[in-house]
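Fold and contact review
Letter by letter, the chains look like this.
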Amino acid sequence: QVQLVESGGGLVQAGGSLRLSCAVSGRTFSANAARWYRTAPGKQREGVASITSGANTNYASSVKGRFTIFRDDAKNTLYLEMNNLVPEDTAVYYCTVVLSGTWYWGQGIQVTVSS
């Protein structure tokens with residue numbers, strides 16, 4: 001059974017940093033595409049960052065230059081490094097990975113940025 005468990009969220013002041021982790025269990029995650037999404041209060045889900053099987057990355061314009069998506073295949077873990085956070089980054093963040101054509105989702109983790 002595939003499970004994705006996010007960690008690393010919390011409360012941070014504007015200008016601060018957080019690193020989100022998404023630990024994948026039940027299947028090997030290496031060389032698979034993955035994404036981070038977020039849902040802010042009162043807003044639709046937004047794609048934040050993606051990484052392909054070839055490790056090419058893409059970012060939403062709102063986070064480009066501040067966020068970095070990467071993975072450690074040896075640890076079967078996906079990461080989202082978030083720097084220079086602003087209150088508009090406050091949201092529930094979700095990781096998702098594709099394994100054999102199926103996208104699996106984590107349960108979500110809260111990130112709150114205070115001004």
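Attention in this report is confined to the structure presented alongside it.

Cut-off values and rules
- Residues numbered from 1 in each chain as written.
- Predicted model: local features only at pLDDT ≥ 70, side-chain atom pairs only at ≥ 80, totals over all residues.
- Heavy atoms only, no water.
- Disulfide = S-S within 2.5 Å.
- Helix = DSSP H or I, 4+ residues; strand = E, 2+ residues; numbered from the N terminus.
- Buried < 20%, exposed > 50% of the residue type's maximum accessible area, 1.4 Å probe, protein only.
- Pairing = 2+ DSSP bridges.
- Axes fitted to C-alpha atoms, helices over the stretch in contact; angles between N-to-C directions.

**Some details on the state of the cysteines**
Throughout the structure, instances matching the rule amount to one disulfide. With a sulfur-sulfur separation of 2.0 Å, Cys-22 is cross-linked through a disulfide to Cys-95. Between Cys-22 and Cys-95, the disulfide has an S-S torsion of 65 degrees and is therefore right-handed. Within this pair, whereas Cys-22 is found in strand β3 (residues 18-25), its partner Cys-95 is found in strand β9 (residues 91-99), the two being separated by 73 residues in sequence. Cys-95 gets classed as buried once you look at its relative accessible area, which sits at 0%.

**Some words on the environment of Thr-102**
In this fold, Thr-102 is placed in strand β10 (residues 102-105). Accessibility expressed as a relative area gives 36% for Thr-102, which makes it partly exposed. Between the alpha carbons of Thr-102 and Asn-58 there is a distance of 20 Å; along the sequence they are 44 residues apart.

**Focus on the sheet that holds strand β1 (residues 3-7)**
Pairing within the open sheet is antiparallel, and its four strands lie in the order β1-β3-β8-β7. Because the sheet does not close on itself, it has two edges, and the strands there are β1 and β7 (67-72). Strand after strand, the sheet turns through a mean of 15 degrees between neighbouring axes, direction not considered. Strand direction decides the pairing type here: β3 and strand β8 (residues 77-82), joined by six bridges, are antiparallel. Across the sheet, residue Cys-22 finds its bridge partner in β8, namely Leu-78.

Without other data, these values stay purely geometric and don't point to any function.
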